[in-house]
Amino acid sequence: MQLEINGINLPVHPGLHTWQDLLQELEGKHLGQGKVISSVRFDGNEVLQFRDYECLNRPLQYMDEIQVQASAMEEMVKGAVTEAEGYLVTLQTSLVEVAEAFRHQLANEANSKLSQVFEGIKMLAALLQGVELSLSGQYQQGPTSVAQVLAEMGPALESLIESQGQQDWILVADILEFELVANVSGFEQSLAAFKQRLRMA
């Protein structure tokens, strides 16, 4: 089996039998201080959940090639913050657009788009929680809580579900534009705190 880290071929110790064995070896001996694994490919296919139980137990003998990319932790976190900023603006715009669709009584179209927006909020929250976790392990003072912003969305989401059930599309639009947009904008404070800790402009 061939192992490649950042384009450099490394030998695989014959005593390693699973991806978990190899991952521990890589992180313990080969990555270097301040570096983390940013992507993994098994036989050319990217593996997003390379720390999942099923993936960790994959036998190395059934793989021909493993490619690993390692990045400096700080640079990877900065990239995630920049990505999250752009994503947040897109979500804020999308919430207003969906609200307008509800006001024009385009309920089917608006409900479909709303599902996509909610998935986007989940993805943004997951990205920010990853940043938060990285920073809390690197700095003594923990960053602004992303979980708190999510918790503050609860009442607005409950009102939204109730209004959808009553098919009160104007109220749904108002909740989206004036409550949820404000809730989502709470992530701006988290991002500002992250950028301050990372000394980003």
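Keep in mind it's a predicted model, so treat the numbers as computed, not measured. (Residues numbered from 1 in each chain as written. Predicted model: local features only at pLDDT ≥ 70, side-chain atom pairs only at ≥ 80, totals over all residues. Heavy atoms only, no water.)

### Some points on the pairing of strand 3 (residues 35–42)
Okay, step 1: Here strand 3 runs beside strand 5 (residues 65–72); their pairing, made up of seven bridges, is antiparallel. Bridge pairing in strand 5 links isoleucine 37 to alanine 70.
Okay, step 2: Hairpin connection of strand 3 to strand 4 (residues 45–46): two residues between the antiparallel strands, including aspartate 43 at a positive phi of 50°. (Pairing = 2+ DSSP bridges. Helix = DSSP H or I, 4+ residues; strand = E, 2+ residues; numbered from the N terminus.)

### Considering helix 6 (residues 154–165)
Okay, step 1: A rise of 1.5 Å per residue sets the reference length of helix 6, with its twelve residues, at 16 Å; its end C-alpha atoms lie 17 Å apart and thus fit the reference within 8%.
Okay, step 2: Two residues or fewer after helix 6 comes glutamine 167, characterised by a positive phi angle close to 55°. (Expected span 1.5 Å × (residues − 1).)

### A look at the environment of alanine 125
Okay, step 1: By the secondary structure assignment, alanine 125 is in helix 4 (residues 107–138).
Okay, step 2: Residue alanine 125 is classed as buried on the basis of its relative accessible area of 4%.
Okay, step 3: Sequence spacing of alanine 125 and leucine 150 is 25 residues, and the spatial spacing of their C-alpha atoms is 7.9 Å.
Okay, step 4: When sequence neighbours within four positions are dropped, the list of residues in contact with alanine 125 reads Val146, Leu150 and Phe187. (Buried < 20%, exposed > 50% of the residue type's maximum accessible area, 1.4 Å probe, protein only. Contact = heavy atoms within 4.5 Å.)

### Topic: the nonpolar core
Okay, step 1: Among the nonpolar cores identified, the biggest contains 38 residues, and Phe102, Leu128, Leu176, Phe187 and Phe194 are the most heavily contacted of them.
Okay, step 2: Put simply, the parts of the chain that give this core at least two residues each are helix 3 (73–103), helix 4, helix 5 (146–152), helix 6, helix 7 (169–185) and helix 8 (187–198).
Okay, step 3: The greatest single-element share of this core, amounting to eleven residues, is contributed by helix 3.
Okay, step 4: By size, the runner-up hydrophobic cluster in this structure holds 20 residues, among which are Leu3, Leu31, Val40 and Ala70. (Core = buried A, V, L, I, M, F, W, Y, C linked by side-chain atoms within 4.5 Å.)

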